[in-house]
Structure formats: structure tokens, C-alpha cells
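# Structure assessment
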Amino acid sequence: MNLDKRKEFLSYCLPDITSSEINEVINTLKSGWLAKGPKTIEFEKRFAEYVGSKYAIGMNSATAALHISLLAAGVGPGDEVITTPMTFAASANTIIHTGAKPVFVDVDPETGCIDPDEITKNITPLTKAIVPVHYAGQACDLDTIYEISEKNNLFVSEDAAHGLYTEYKGRMIGDCPKGTVSYSFYATKNLATGEGGMLVTDNEEIANKARVLITHGMSRNAWNRYAKGGSWMYDIQEPGYKYNMFDLQAALGLKQLERLSEMQERREEIAEIYNEAFKCLDGIEIPKISEYTTNHSWHLYIVKINGEHVNISRDQFITELANRNVGTSVHFIPLHLMSAYRDRYGYKLGDFPIAEKWFENIVSLPLYPTMTNSDVQYVIDAVKDIVTRSALMKVI
Ligand SMILES: Cc1ncc(COP(=O)(O)O)c(C=O)c1O
């Protein structure tokens, strides 16, 4: 075990950009078309083929995709939308932006994904939709969720910000979706364009509405107007948003998509090394994967501190890793504890005990394709050192 402190800080997450992406961006810069145009259209086509959906609509973020999916499905003021508190603010804020109320329900204690039984218990006559989140790269229990949605006539907008490459029962998330699926290409994501997102669906009506809504409600976007053969005439069909992807993002996205399998192989390799190193380490629980998650995207590698074996809090554990120059993060602070939702809807500590228990004990360790084997080994040695010392403190 090497316990010498590394000189450079090891970030918990970094994008993997090669000369292939850089050259594609340079070519696009030189092409004279920077806004939404041929690259975006090509990326949308390739992305739809990759995940197996009929339509893919490039946007500037997953936040935009989540918002537009709900609007296109007709969610609005007075409606309720059920989601998980174990997620990023985007999943709930976009519900509020439609005028609807986010109704949080607790998570499955094994996976951290939304608990379908809790969805059923919280359906009211106002419930219009469900926003399940494929948390960390683990698949939600989609068969049960869609069964509930069909029985109660609810729309499903899957948040797959972490779920690109995740498989549910042998099929990729986004393969023939019954509702919509939103992906994030934010800088930390498995496919990174800095900022960016994609909405996929098999529903033509939703796809058409989404295309109009993301460019101010215009009947023709810039590519349709300014390219050869385009017409300057357009109508504003409804007051929409400026949410579209543009060609520099798409240039990055196209090359990242080509390299996705290779990047995923490295993520899987690192996750396996971590699992092997930590599986017998009392004090640390490795991620539990549901049997229906037939492929985990390993967007995040989340371990839990087990206080029965070690005398260290999650926060101290993070500080100890930071002292050894290892970056970490916590996914997530449950949303019902945030003032924006507490103050508006009266949520409070104790409302979702399983999510709260998760939050108390979780840490996301560094996992990304450009980590070297010695980076991975350094994290393992640091974790083992901290856990061994704090296990001794427990005995004393
Ligand atoms: C679960 C989840 N949903 C949605 C988002 C929003 O993604 P974006 O930054 O692309 O809007 C994130 C971002 O980290 C996320 O983690």
C-alpha cells in the first residue's frame, strides 16, 4: 500500500477529450455554420440510432429536455408530478417551471432509485406524470413504473442524465421509449459536450411539439431558413424557449458518441477494480445493483460508510480523502431538505427516511475514463487507510 501523499489533486470527475473531438470542433468552426445546423441534425440521427428511439432532439441541457418533455405532454398549472428527492434540482425545478407541483416520494433502500410502491401510494386525482431518475447509472424499475402509468393514465418522463449506456432487462434506456427520455451532456457526464442534452421519444406528436418549443415556437428554425432552398417566412406558433443544441456542441457530441463504448469499457474496468478492492472491507459498502440493471453506466461510483464498523462520519471521510488530495462528491442532498421546496411545499426532515439515510452515508469516489491505474490504486489505498484507522478507533 502506497501512503505517500500525491502532489496533484485527483479530481472526482474529468471529461475525456481527444484530438478526434478537437479536430471536429475546429472543422465545424471553419465550416461557417456555428448555430443549429447539419452537425446537430447528424448527431440527433446518430444518437437516435444508438439508443434505439425513433426521434432525438438536441437541446442545450437535460434541464431543457426535462422541461420540454413535460410541456409537450401537456403538464401545467394545478398538476402534480411524482419524482424522487434523490436527484439534482433540475428534475424538480422543471416540474415547477411548467406550473405543476413536484411530489417527492421515497427511494428503494437497495438502489436509491424511486420506489414504485411509493409512487402508487402518492397518486391523487391531480397527478399527471412521473419523473423517474436512473440514479448513478442504475436503471429504475421501468416495467412496474410503466404499469402504474398505464393504469393511472400518467405520462412518464425518464431522467437519464446518468443513464446513457444503462440497460434495463437487456435493453438500452431509450430503446423504444413509451414516454420520453432526457440525457445530459454536461461536462461531468459519460458523454460530455460541456453543456448539452437530448430528448428521445417514439411519440411523433411529442417530438414535433418539442422541436417547435425549443426555438421560440418558430415554425422554421435557422437551418430551415438560412440554408440553400430555405424560406425566410416563419410563424410563432406559441411563445417557446431558446433551448436548442448548436453545431459546436454537436461536433463534440458526434465524436464522443463514436468513442462512447471505449470510454464505457474503461469505466467498467475501474468499477470492477473498486468492487474487488472494497467488497471485503468492513466499513465500506459497494454499490448494490438490481437484477434488472443488466448494464450499469457507472456514471457515479457511490460507496456507503457503514457506521457499525468504523468510527468516522461521511463528512470526516470526505475531509480525510481531501487531505490526501482525492476529490469526491455527494449525490445528492435530498431535494426535500432544500429551502426552495421546504418553503414552498412544507417538506421537512423526516419526510423521506430512506433518502435521508442514504444521504448521511454516501460518497461518490473518482471514476472516469482518463484515470490511470495508479490513480485508481491511489484512491483504493487512501480509502483502505482511512477505513482501517477509523475501524481501530471503533475498537478502542
Ligand atoms: C439526475 C440529473 N438530472 C438532470 C440533470 C441536469 O442536467 P443538465 O446540467 O444537462 O441540465 C443533472 C445534472 O447533473 C442530473 O444529475
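Above: the structure in question.
Overview of the structure. Not measured: the values here are computed from a predicted model.

Once that is clear, we can look at the overall build of the chain. Secondary structure assignment for the chain yields 14 helices and 13 strands. In terms of overall size, the chain behaves like a compact globule, its C-alpha atoms giving a radius of gyration of 22 Å where 396 residues would be expected to give roughly 21 Å. Once the C-alpha set of the chain is aligned to its principal axes, its extents read approximately 80 × 55 × 40 Å. Per-residue burial for the chain yields a buried fraction of 56% across its 396 residues. Counted over contacts in the chain with a minimum sequence separation of 6, partners at least 24 positions apart contribute 74%. A total of about 17300 Å² of accessible surface is found on the chain, and carbon and sulfur atoms cover 52% of it. Positive and negative side-chain charges in the chain, numbering 39 and 51 respectively, have mean positions lying 5 Å apart.

For the rest of this paragraph, the subject is the packing of aromatic side chains. Evaluation of the coordinates by the stated rule reveals 15 aromatic pairs. With a centroid separation of 5.0 Å and an interplanar angle of 75 degrees, the aromatic rings of F47 and Y183 are classed as edge-to-face. Here F47 is found in helix α2 (residues 38–51), whereas its partner Y183 is found in strand β8 (residues 180–184), with 136 residues between them in sequence. The two residues F47 and Y183 agree in class, both being buried. Aromatic pair Y274 and Y301: ring centres 4.9 Å apart, planes at 50 degrees, arrangement tilted. With Y274 in helix α10 (residues 260–278) and Y301 in strand β12 (residues 301–305), the pair connects residues that are 27 residues apart, well separated along the chain. By way of ring pairs, the aromatic residues F104, Y341, Y345, Y347 and F352 are connected into one cluster. A cation over an aromatic ring shows up here: K304 above the ring of W358, its NZ or CZ 4.0 Å from the ring centre.

This part takes up helix α9 (residues 247–258). Because an α-helix completes one turn every 3.6 residues, residues spaced three or four positions apart along the sequence face the same direction. With 12 residues, α9 extends 16 Å from end C-alpha to end C-alpha; this agrees with the ideal 16 Å at 1.5 Å per step. In terms of burial, α9 is largely enclosed, as 10 of its 12 residues are buried. Of the positions making up α9, those classed as buried are D247, Q249, A250, A251, L252, G253, L254, K255, Q256 and L257. Check the buried side of α9 and you find it contacts α1 (19–31), α2, β1 (55–59) and α10.

The tally for this structure, following the rule as stated, stands at 26 salt bridges. The salt bridge partner of K45 is E49, with a shortest N-O separation of 3.3 Å. Of this pair, K45 and E49 both sit in helix α2, 4 residues apart, roughly one helical turn. Neither residue differs from the other here; K45 and E49 are each classed as exposed. Across the pair R314 and D315 runs a salt bridge whose closest N-O atoms are separated by 2.7 Å. Linked through salt bridges whose partners overlap, the residues forming this network are E24, K39, E42, R46, K255 and E258.

Here we have 3 strands laid out as an open sheet, ordered β10-β12-β13, and antiparallel in their pairing. Because the sheet does not close on itself, it has two edges, and the strands there are β10 (284–285) and β13 (362–365). Of the pairings in the sheet, the one linking β10 to β12 comprises 2 bridges and is antiparallel in character. When the bridges of β12 are listed, E285 appears paired with K304. Each of β10, β12 and β13 is contacted by helix α11 (residues 314–323), which is oriented at about 25 degrees to β13, the strand it contacts most.

Rules used in this analysis
- Residues numbered from 1 in each chain as written.
- Predicted model: local features only at pLDDT ≥ 70, side-chain atom pairs only at ≥ 80, totals over all residues.
- Heavy atoms only, no water.
- Helix = DSSP H or I, 4+ residues; strand = E, 2+ residues; numbered from the N terminus.
- Rg over C-alpha atoms; globule rule 2.2 N^0.38 Å.
- Buried < 20%, exposed > 50% of the residue type's maximum accessible area, 1.4 Å probe, protein only.
- Contact = heavy atoms within 4.5 Å.
- Areas by Shrake-Rupley, 256 points an atom, 1.4 Å probe, with all protein chains shown as cover.
- Lys, Arg positive; Asp, Glu negative; His and termini not counted.
- Charge placed at Lys NZ, Arg CZ, Asp CG, Glu CD.
- Phe/Tyr/Trp six-rings, centres within 6.5 Å; stacked < 30°, edge-to-face > 60°.
- Lys NZ or Arg CZ within 6 Å of the ring centre and 35° of its normal.
- Expected span 1.5 Å × (residues − 1).
- Salt bridge = Lys/Arg side-chain N within 4 Å of Asp/Glu carboxyl O.
- Pairing = 2+ DSSP bridges.
- Axes fitted to C-alpha atoms, helices over the stretch in contact; angles between N-to-C directions.

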